[in-house]
Each structure stands twice: as structure tokens, then as C-alpha cells.
Amino acid sequence: MQTEHIFATGAQAATDIAARIATLLSDAITERGVATLAVSGGRSPRPVLEALSKVPLDWTKLIVTLVDERWVDPVSADSNERLVRETLLQGPAAAARFVPMKNSAADAYAGQSAVEADFAALPWPFDIILLGMGDDGHTASLFPQGKELAEGLSSPAYTIAATPPVAPHQRLSLTAHAILQSRHIFLQIGGAGKKAVYDQALASGPVEELPIRLALLQDKVPVEVWIAES
Ligand SMILES: O=C(O)[C@H](O)[C@@H](O)[C@H](O)[C@H](O)COP(=O)(O)O
């Protein structure tokens, strides 16, 4: 298992993660003329995306998209698209091409096939996928006890529509297949509670119990885990 644990605390952690991501994106652009970054929503990515936005990159060569999305209007405070536009796609970084996960369909299930077509047309494998983890061990919108979890873990598609058991809003999410179609995975974990869940996830057990295991209990893709102890 190619998992590197990096314990970073405080404000510097976000800057350090952003610098590491920027280096890998710059290398990808040099090697292949394009780089693809998919990011999660929630609280953890915000400072990283704000820091990354300030890093000098050839943003015209970057494709930015999402790991998952809530099926809400992009102006909603709950929208991950809004999070990315407000934090990362500012200044020179606004020149990046953004591929959304929300369209005009009435719900995620009706919208999924068009999103799947958009994602199938992207250059895979992605260069970087930035994951978070919930207190229940979910990642992306692959939730324990989720009725679409088994499909999300086994489907050969890139995307899936899902309804979280407890979190709000229908979701559009990358599948496990898509998440593992990446050259690098970053995982951000903050706080003692999540560190305990992370430690439990590292112990072998069913991926359905703690879906973050899909990224941890594999040796195909290098995983950098950035753990903020504070
Ligand atoms: O859309 C979302 O909510 C995220 O993609 C979700 O999977 C997130 O990564 C975890 O819930 C951790 O969220 P925090 O970073 O806020 O702890």
C-alpha cells in the first residue's frame, strides 16, 4: 500500500498541501500538456483551494472538476461548484476549465447520464483527486448504509447519483472506479475524531463499513494523507 502519512497542523498545512498539489499539476502539464484536478466539498478543502488559487500555474492547461456535488443550484451555499468558484477559480486561476457535476435536470438521477457523458470525455486518469472523509468514514458521496453504496463501489461508470442516508441533498458522485483512475490521491483529515476513524479504516475490514477504505486499502494509486491534529 502506497500510503504516505503527513502530519501537518495549523494554517501552514493548507499552504503545504496546495504547494504539493501545484507541483504535481505543473509536472503533469509539462509531461502531457494538460492536468486534471478533482476536489471534494465540505470544510477541509476551502483553505487549500484558496492557497492553490494563488500559486502560479499555466491555468489555461488545467481542467478542474468535483469529486461529488449536492444536487442544488450552483448559487446555493451548499453547492460544491460554488465553493470551487469562490475559492479556487479566482484571479489567474479563473482561466482553468471547470467541469460541473450539476445540470438542469430535476434531480440527480435524471441528470446523471449527461454528467457521465461529460466525464467520460475527460482525460483519464486524473492527475489529482482530493478526498475528504466524514465522521462515518464516507468519502465523496459514498456513504455507509447508502442505498447506492454497493453500486458506487462496483460500477464501471465514472459517476453515480446517490441519496445520502443522513446528509442533505441528493448527490452526484464519482464512483470508486473513477476515484482509483487517478495518478495521485490526497486525503485531508482534521481532528482527533476523524483520526480515530482513519486509524480504524486502516485496519482491514469491509469497505462498505468505512468507504474511505476504497482509497486506503489498495496499492494501485499513491495516497497522501494530510492529517491536521488540531
Ligand atoms: O460534498 C461533500 O460534503 C464532500 O465531498 C464530503 O464527502 C466531504 O469530503 C466529507 O463530508 C468531509 O467534509 P469536511 O471536509 O467538511 O469534514
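Before any of the text, the structure's been laid out above.
Let me begin by describing the structure that accompanies this report.

What counts and how
- Residues numbered from 1 in each chain as written.
- Predicted model: local features only at pLDDT ≥ 70, side-chain atom pairs only at ≥ 80, totals over all residues.
- Heavy atoms only, no water.
- Near = heavy atom within 4 Å.
- Polar contact = N/O pair within 3.5 Å; in protein donor to acceptor, adjacent residues only side chain to side chain.
- Areas by Shrake-Rupley, 256 points an atom, 1.4 Å probe, with all protein chains shown as cover.
- Salt bridge = Lys/Arg side-chain N within 4 Å of Asp/Glu carboxyl O.
- Helix = DSSP H or I, 4+ residues; strand = E, 2+ residues; numbered from the N terminus.
- Buried < 20%, exposed > 50% of the residue type's maximum accessible area, 1.4 Å probe, protein only.
- Pairing = 2+ DSSP bridges.

### Let's talk about the site of the ligand
Among the 15 residues in the neighbourhood of the ligand, the closest are listed as Arg43, Ser44, Asp68, Ala140 and Lys194. Within the side chain of Asp68, one N or O atom sits 2.6 Å away from an oxygen atom of the ligand. With respect to the ligand, the backbone of Ala140 contributes an N or O atom lying 2.7 Å from an oxygen atom. The protein chains hide 93% of the 420 Å² of surface that the ligand would expose on its own.

### Observations concerning the pattern of salt bridges
For the structure shown, the criterion picks out 13 salt bridges. Glu224 is the partner of Arg20 in a salt bridge, and the nearest nitrogen-oxygen pair spans 2.5 Å. Note that Arg20 is positioned in helix H1 (residues 11-32) and Glu224 in strand E10 (residues 223-228), a separation of 204 residues in sequence. The partly exposed category is assigned to Arg20, whose relative accessible area is 31%. With a shortest N-O distance of 2.9 Å, Arg85 and Glu81 are connected by a salt bridge. Here Arg85 pairs with Glu81, and both are found in helix H3 (residues 80-87), just four residues apart, close to one helical turn. Using a relative accessible area of 7% as the deciding quantity, one classes Glu81 as buried.

### Describing the environment of Asp16
In this fold, Asp16 is placed in helix H1. According to the relative accessible area criterion, Asp16 is partly exposed, its value standing at 31%. Taking the C-alpha atoms as reference points, Asp16 and Glu208, 192 residues apart in sequence, are found 32 Å from one another.

### So, the pairing of strand E6 (residues 126-131)
With six of its six residues buried, E6 lies for the most part within the structure. Pairing analysis gives three bridges linking strand E2 (residues 35-39) to E6, with the strands arranged parallel. Residue pairing for E6: Leu37 is matched across the bridge by Ile128. Pairing geometry for E6 and strand E9 (residues 182-190), over five bridges, is parallel.

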